[in-house]
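Listed below are the residues making up each chain.
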Amino acid sequence: MVSAFSWNCDVPFSVDAVEVVYPADFILHNTKTHKEVTPDMSIREMSIDIDRTNSRVGINISTEECAKILQRMYLYSEKADEKTIKVGIPAPRSDILDPCDLIEDVAIAYGYDNIVKEETKTHSHGKQDPINKLTHLLRLEIACAGYTEMLNFSLCSRDDAFANLGREDKDTAVHIANPQTFEFQICRPSLLPGALKTFGANKSQPLPIKLFEVSDVVLMGKEESGKFHNTGCINRRHFCALNCSADTNAFEDIHGLVEYVMTKLGVPTEAEVSAGTADVDSDMPFSYVLQEGFDKAFFPGRAMDLILVNHSTKARTNIGHLGVLHPTVLKANELPYVCSYCEIDIQHFI
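Conventions we followed
- Residues numbered from 1 in each chain as written.
- Predicted model: local features only at pLDDT ≥ 70, side-chain atom pairs only at ≥ 80, totals over all residues.
- Heavy atoms only, no water.
- Axes fitted to C-alpha atoms, helices over the stretch in contact; angles between N-to-C directions.
- Helix = DSSP H or I, 4+ residues; strand = E, 2+ residues; numbered from the N terminus.
- Parallel < 35°, antiparallel > 145°, perpendicular 65-115°, else oblique.
- Contact = heavy atoms within 4.5 Å.
- Nonpolar A, V, L, I, M, F, W, Y, C, P; charged D, E, K, R; others polar.
- Salt bridge = Lys/Arg side-chain N within 4 Å of Asp/Glu carboxyl O.
- Buried < 20%, exposed > 50% of the residue type's maximum accessible area, 1.4 Å probe, protein only.
- Pairing = 2+ DSSP bridges.
- Expected span 1.5 Å × (residues − 1).
- Arc of directions from axis to C-beta.

**Q** Requested: an account of the packing of helix 3 (residues 63-71) against helix 4 (residues 99-110), with residues and values cited.
**A** Viewed as axis vectors pointing N to C, helix 3 and helix 4 meet at an angle of 85°, and their least axial separation amounts to 9 Å. The orientation of helix 3 with respect to helix 4, classified from their angle, is roughly perpendicular. Where helix 3 abuts helix 4, its residues C66, I69 and L70 lie against L102, D105, V106, A109 and Y110. Along the lines of polarity and charge, the residues of the contact of helix 3 with helix 4 split into seven nonpolar, no polar and one charged.

**Q** Which residues make up the pattern of salt bridges, and what are the values?
**A** Taken as a whole and assessed by the stated rule, the structure comprises 16 salt bridges. A salt bridge links K79 to E82; the nearest nitrogen and oxygen atoms lie 3.0 Å apart. For K79, a relative accessible area of 31% corresponds to the partly exposed category. Accessibility expressed as a relative area gives 57% for E82, which makes it exposed. Across the salt bridge formed by R139 and E149, the nearest N and O atoms sit 2.9 Å from each other. Here the residue R139 occupies a position in helix 5 (residues 130-144), and E149 occupies one in strand 6 (residues 148-149), the gap between them amounting to 10 residues. Taking the relative accessible area as the measure of exposure, R139 reaches 30% and is therefore partly exposed. Three or more residues joined by partner-sharing salt bridges are found here, namely E64, K79 and E82.

**Q** Any details on the sheet that holds strand 13 (residues 298-310)? Residues and values, ideally.
**A** Taken together, the seven strands give an open sheet; going across it, the order is 6-10-11-15-14-13-12, and neighbouring strands pair in mixed fashion. Looking along the sheet, the strands with just one partner apiece sit at the ends: strand 6 and strand 12 (286-292). Note: strand 13 against strand 14 (residues 316-325), eight bridges, orientation antiparallel. Along strand 14, the bridge assignment pairs L308 with T317. Strand contacts of helix 5: strand 6, strand 10 (209-220) and strand 11 (233-244), with the helix running at about 160° to strand 10, the strand carrying the most contacts.

**Q** Requested: an account of helix 5, with residues and values cited.
**A** Here helix 5 spans 22 Å end to end across 15 residues, near enough to the 21 Å set by a 1.5 Å rise per residue. I131, L134, T135, L138 and I142 are the residues of helix 5 that are buried. Here the buried residues of helix 5 occupy an arc of 100° about the axis, which is enough to place them on one side. Of the surrounding elements, those touching the buried residues of helix 5 are strand 10, strand 11 and helix 8 (251-264). Positioned one or two residues after helix 5, G146 has a phi angle of 100°, which is positive.

Following this line, the structure appears as structure tokens:
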């Protein structure tokens, strides 16, 4: 900024320096000090390797040619040895943070059109990641059902994730060491805190309000294979939806949305399979059933758990829940309207 506007000074291109004295020592240019002269207009030094540069850009130039090319980009450059170019970076080039930025400048100065196109030496059959493909298709279906997509932070506070929802942290949340703010203390273990914050920010809008999100949550624990990740935690892709209506608690609407989603996923109900009106195949040997839920975030008697039945292993897994949010949850988030909510772990369908 100083370099850009210094030509407007009474003496063009002149800058007055200021010495800042700090109450405590800090590290500046690898030196412990308690004072600093700013702005720092000194020339920074950096070096790049010619072999790495040629490999990254896809050209074949000598060290001398590379040093000459960099001078076109307002950089002080010279040959250090047969493989290295020493570069001086002036203050106006604050965009250069790493040697890769210098390699990019080499490509620009050389000219993208002058780089010979070559066929890649590594061939593969590229395809969309299955979970992202499912996420994209599901987003389209939910949007067509009249819901508006939201995008929330992956971090939240402990109270938002547990105390305000009537839940307990049973070693499920990933905690951030030395968080900079109370709003970002843990990785979200569910999508509900973000959904409530989005609803709270839009509660002045006319009803009904229909929101949804398909995103990751982070949980402590093992994969389904029983193995731990190197980080000790796992990401799970969840779908959630919140419905607030002016006339009802919208439980029947959120119930219908859950059945709509399961239909689009190709998962029949357990009753349909038992009656022989629906089949399960080897690729998707699942059915589902809704049963009474006891999540304290929901109103008693108005909550249900979504149970996924695997007909190959006979396993029954709780993959989600739906219901009318408890009044204490609404009060803790300063929400004046009754609303219903559902959340489903869609990772099981990959």
